[in-house]
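Structure at a glance
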Amino acid sequence: MNLIMKNNRTIARVVAGALTFVLAALLICGCGKGEKPSAPDSTGVTDNMGNEPTSDHSSFSYVWGVNGISSYDSETGKLVKTTDATHPEEYETTYMLSDSETAQIHELIGSLDILSYPDEYNPNEGVYTSPSMTLILSVQCGCELKTVKAENIAYSYSSEDEKGQKFLSVCKSIEEILTGSEEWKALPEYEFLYD
C-alpha cells in the first residue's frame with residue numbers, strides 16, 4: 001500500500017512538473033499566425049520572430065564539468081553525474097525539479113538575458129587552466145531554442161567581465177540545485193578524478 005502511494009506521489013510530481021513547463025510554453029510562445037513582430041528592446045536584442053526577450057522559458061538543458069561530463073535535461077529529468085566511467089549508465093538517474101526549484105531556475109535564467117549572449121562564449125577570454133571545463137546552457141525561450149556553449153574554458157567560476165560573471169554565477173547556481181538533490185547524492189562516487 002505504501003509503495004502504491006509513493007508511486008502515485010512520484011507520478012503526480014512528474015505530471016505537475018510537465019504541466020508547468022507545457023503551460024509556460026503555451027503562455028509564452030504566442031507562435032500563432034498573424035502576430036506582428038515587435039520592435040527591438042533598448043538593447044536591440046530580439047528573437048528570430050522579432051519578439052523581445054522574456055525572462056520566462058519552458059525548458060532547459062545544462063552540461064557542465066571537466067569535458068562536460070555532467071548534464072541535466074528538464075524535459076526528461078535525465079541527470080548524469082559523469083559520462084567518464086567504465087559503466088556510465090550507473091551514473092544516470094531521473095530527477096524532476098520541484099515547483100520551487102523550477103521557479104528558482106526560471107528566475108536565474110531570466111536574469112541572464114540569454115538571448116544577448118553569443119552562441120560560442122568564453123567568459124574568461126585569454127585565461128586557461130588544465131583541466132578546462134565546459135558549460136553549455138540551452139533554454140527554450142518561447143518559440144526559440146537558445147544555446148550558449150562555453151567549451152574548454154578556464155575551470156573557474158569568476159570573471160573580470162560583468163557579463164561573464166553573470167553567466168558563470170547562473171551556471172554555478174543551477175549546478176548547486178542539481179547536485180544538492182537526493183537523486184544526485186545517491187549516485188556512485190566518481191570513478192576517475194581530475195587534478
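This text follows the structure it describes.
Chains are numbered independently. Their residues run from 1 in the order of the written sequence. Residue-level local features of this predicted model are given only where pLDDT is at least 70; pairs of side-chain atoms are given and counted only at 80 or more, and the full residue set underlies all totals for whole chains, interfaces and linings. Calculated side-chain values reflect all of the structure's heavy atoms, with hydrogen atoms and water omitted.

Considerations on the overall build of the protein chain
Operational definition: Helix numbers and strand numbers start at the N terminus; a helix is a DSSP run of H or I with at least 4 residues, a strand a run of E with at least 2. Per-residue accessibility, obtained with a 1.4 Å probe over protein chains only, is compared with the maximum for each type, and a residue is labelled buried under 20%, exposed over 50%, and partly exposed between these values. Contacts were defined at the residue level, with two residues in contact if any of their heavy atoms lie within 4.5 Å.
Scanning the protein chain from N- to C-terminus turns up four helices and six strands. Starting at the N terminus and walking to the C terminus, you meet the elements of the protein chain as α-β-β-β-β-α-β-β-α-α. Split into buried and exposed, the 195 residues of the protein chain put 38% on the buried side. Counted over contacts in the protein chain with a minimum sequence separation of 6, partners at least 24 positions apart contribute 63%.

A few points about the pairing of strand β2 (residues 70–73)
Rules: The pairing criterion for strands is at least two bridges between them, as found by DSSP.
Burial along β2 is one-sided: Ser70 and Tyr72 are buried, and none of Ser71 and Asp73, which face the opposite way, are. Here four bridges tie strand β1 (residues 59–64) to β2, and the two strands are oriented antiparallel to one another. Along β2, the bridge assignment pairs Ser61 with Asp73. For β2 and strand β3 (residues 78–80), the ladder comprises two bridges, and the chain directions are antiparallel. Residue pairing in the sheet places Tyr72 in a bridge with Leu79 of β3. Hairpin connection from β2 to β3: four residues lie between these consecutive antiparallel strands, with Gly77 at a positive phi of about 80°.

Let's talk about the packing of helix α2 (residues 99–112) against helix α3 (residues 162–179)
Rules: Helix axes are fitted to C-alpha atoms over the stretch in contact, other axes to C-alpha atoms as well, and angles between N-to-C directions run from 0 to 180 degrees. When an angle is under 35 degrees it counts as roughly parallel; over 145 it counts as roughly antiparallel; between 65 and 115 it counts as roughly perpendicular; any other value is oblique. Think of it as three bins: nonpolar holds Ala, Val, Leu, Ile, Met, Phe, Trp, Tyr, Cys and Pro, charged holds Asp, Glu, Lys and Arg, and polar takes everything else, Gly as well.
Two elements in contact, α2 and α3, have axes whose closest approach is 9 Å; the angle formed by their N-to-C orientations is 170°. Taken together, α2 and α3 sit at an angle that is classed as roughly antiparallel. Residues Glu101, Gln104, Ile105, Leu108, Ile109, Ser111 and Leu112 of α2 form the contact with α3, whose own contacting residues are Lys166, Phe167, Val170, Ser173, Ile174 and Ile177. Class assignment for the residues of the contact of α2 with α3 results in eight nonpolar, three polar and two charged.

Considerations on the nonpolar core
Basically, it comes down to this: In this description, a nonpolar core means a group of buried Ala, Val, Leu, Ile, Met, Phe, Trp, Tyr and Cys residues linked to one another through side-chain atoms lying within 4.5 Å.
Counting 30 residues, the largest nonpolar core has Phe60, Tyr62, Leu135, Leu137, Phe167, Ile174 and Leu178 as the members making the most contacts within it. When contributions to this core are tallied by element, the ones reaching two or more residues are β1, α2, β5 (133–141), β6 (144–153) and α3. Looking at this core element by element, the count peaks at seven residues for α3. Other than its neighbours up to four places away in sequence, Phe167 contacts Leu112, Tyr117, Tyr121, Leu135, Leu137, Val148 and Ala150.

Section: unusual backbone geometry
When glycine is set aside, most residues are seen to have a negative phi, and most peptide bonds are trans. The peptide bond linking Ser130 to Pro131 adopts the cis configuration, its omega dihedral lying at 5°. As for its placement among the helices and strands, Pro131 is situated in the loop between α2 and β5. The backbone of Asp113 shows a phi angle near 55°, a positive value even though the residue is not glycine. Along the chain, Asp113 turns up in the loop between α2 and β5.

Structural measurements only, silent on function.
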